[in-house]
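# Observations on the model geometry
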Amino acid sequence: MKKLIVGPCVIESWDVMDEIAKTVKIIDNSGKFEVYFKSSFDKANRTSIHSYRGPGIDKGLKILEDIKQKYNLKIITDIHESYQASIVANVVDIIQIPAFLCRQTDLIYSAAQTGKPINIKKGQFLSGFDMLNVVNKARAFGAHDVMVTERGNSFGYNDLIVDFRNIPIMKSFVDTVIMDCTHSIQKPGGKQVESGGDAQYIESIALAAKAFKVDGYFFEVHPNPEQALCDRACMLNLKSLDKILEHL
């Protein structure tokens, strides 16, 4: 069964989280995907100092725990500092390592020590082959369940491009490769004070990844993408999710 990681980029209001979680639970109940609800309590690498980062680890984890209990959903969230791993492990089912931080040895060590599965997003600056060293690092620290996520590579200053060869390359040394279908169409810093994106290509990215036999999909969704507090230009409208999943 394919994995599906889905949710808003960053934790916003309870109403937004709850609305998205209701849809995610319907998908979970369908039994067509192994579903994980994803959102971040802190986005520590935002473009501008004025960008919304999130509610922080204490309030954010409480909201994620409430979502988990109310809807009986599995949870994934990312960490940015080593001390966060043991705290986050009390709530989530998978710990995620952000792309920008995928080579941070201490961060990977702390995540591995929790015993939780780890999803490591491939850095925009790395090839698929380069992720072998990252995966081996996690395994050396005791991680038994490691997956990696493709999210494109830097292409000039403000654009990304996906090399789909990375999927079979990474599948050669790790059991699970996820396609991040929303971040991979991002234009980092493309609007100077925030990132841009080409959301019209989200479904095409997903279908192409399917052709390369990817093991799961990552979609960041929002009921009103233009009002989202993070990555609004590359967020999938929640209403479009069912159609894409049906095609997949």
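Everything in this summary refers to the structure shown in the same document. (Residues numbered from 1 in each chain as written. Predicted model: local features only at pLDDT ≥ 70, side-chain atom pairs only at ≥ 80, totals over all residues. Heavy atoms only, no water.)

Quick look at the overall build of the protein now. Along the protein, the regular secondary structure elements total eight helices and 13 strands. By the compact-globule yardstick of 18 Å for 248 residues, the protein fits well, its C-alpha radius of gyration being 16 Å. If you line up the protein on its principal axes, its C-alpha atoms span 40 × 40 × 35 Å. Within the protein, buried positions represent 55% of all 248 residues. Here the analysis covers contacts within the protein between residues at least 6 apart in sequence; of these, 69% occur between residues at least 24 apart. Within the protein, the 30 negative side-chain charges are centred at a point lying 2 Å from the centre of the 30 positive side-chain charges. (Helix = DSSP H or I, 4+ residues; strand = E, 2+ residues; numbered from the N terminus. Rg over C-alpha atoms; globule rule 2.2 N^0.38 Å. Buried < 20%, exposed > 50% of the residue type's maximum accessible area, 1.4 Å probe, protein only. Contact = heavy atoms within 4.5 Å. Lys, Arg positive; Asp, Glu negative; His and termini not counted. Charge placed at Lys NZ, Arg CZ, Asp CG, Glu CD.)

It is worth spelling out the state of the cysteines at this point. A full pass over the atoms with the stated rule returns zero disulfides. Unpaired in terms of disulfides, Cys102 finds its nearest cysteine sulfur in Cys9, a separation of 18 Å. A relative accessible area of 0% means that Cys102 is categorised as buried. For the unlinked cysteine Cys181, the closest cysteine sulfur is that of Cys234, found at 12 Å. (Disulfide = S-S within 2.5 Å.)

Counting through the fold element by element, Lys25 comes out in helix H1 (residues 14–30). For Lys25, a relative accessible area of 16% corresponds to the buried category. A polar contact of 3.0 Å, which involves the side chain of Lys25, links it to the backbone oxygen of Tyr71. Not counting residues within four places of it along the chain, the set of residues in contact with Lys25 comprises Tyr71, Asn72 and Leu73. (Polar contact = N/O pair within 3.5 Å; in protein donor to acceptor, adjacent residues only side chain to side chain.)

A positive phi angle, near 55°, is found at Asn72, a position not held by glycine. The topology assignment puts Asn72 in the loop between helix H2 (57–71) and strand E3 (74–78). Relative accessible area serves as the criterion here: at 61%, Asn72 is assigned to the exposed category. One non-glycine residue with positive phi stands out, namely Lys213, at about 65°.

Before going further, it helps to examine the packing of helix H4 (residues 105–113) against helix H5 (residues 131–140). It is the contact of H4 with H5, at a shortest axis distance of 8 Å, that shows an interaxial angle of 45°. Between H4 and H5, the interaxial angle falls into the category oblique. When the axes of H4 and H5 are compared, the crossing they make is right-handed. Contact residues: H4 offers Thr105, Ile108 and Ala112, while H5 offers Val134, Lys137 and Ala138. (Axes fitted to C-alpha atoms, helices over the stretch in contact; angles between N-to-C directions. Parallel < 35°, antiparallel > 145°, perpendicular 65-115°, else oblique. Left-handed = near helix turned anticlockwise from the far one by under 90°.)

Moving on, we come to the pairing of strand E4 (residues 94–97). Taking every second residue as pointing to the same face, both faces of E4 are buried, with Ile94 and Gln96 on one and Ile95 and Ile97 on the other. Here E3 runs beside E4; their pairing, made up of three bridges, is parallel. Bridged to Asp78 within E4 is Gln96. (Pairing = 2+ DSSP bridges.)

So, about H4. If you check which residues of H4 are buried, you get Leu107, Ile108, Ser110, Ala111 and Ala112. Buried-residue contacts for H4 involve helix H3 (84–88), E4, strand E5 (118–121) and H5. Gly115 occupies a position one or two residues after H4 and carries a positive phi of about 80°.

The biggest cluster of nonpolar side chains holds 71 residues, and the ones touching the most others in it are Leu4, Phe37, Ile120, Met131, Met179, Tyr217 and Phe219. Formed by seven residues, the second largest nonpolar core is a distinct cluster that contains Ile5, Tyr36, Ile178 and Phe218. (Core = buried A, V, L, I, M, F, W, Y, C linked by side-chain atoms within 4.5 Å.)

Turning our eyes to something else, we now look at the pairing of E5. Every second residue of E5 is oriented toward a common face, with Ile118 and Ile120 on one face and Asn119 and Lys121 on the other, all of them buried. Relative to E5, E4 is paired through three bridges, and the arrangement is parallel. Bridging from a neighbouring strand, Ile95 pairs with Ile118 of E5. Bridge count between E5 and strand E6 (residues 146–150): four bridges; the pairing is parallel. By the bridge assignment for E6, Asn119 is matched with Met147. Between E5 and its parallel partner E6, the chain crosses via H5, and the hand of that crossover is right-handed. (Right-handed = clockwise from strand over helix to strand, strands pointing away.)

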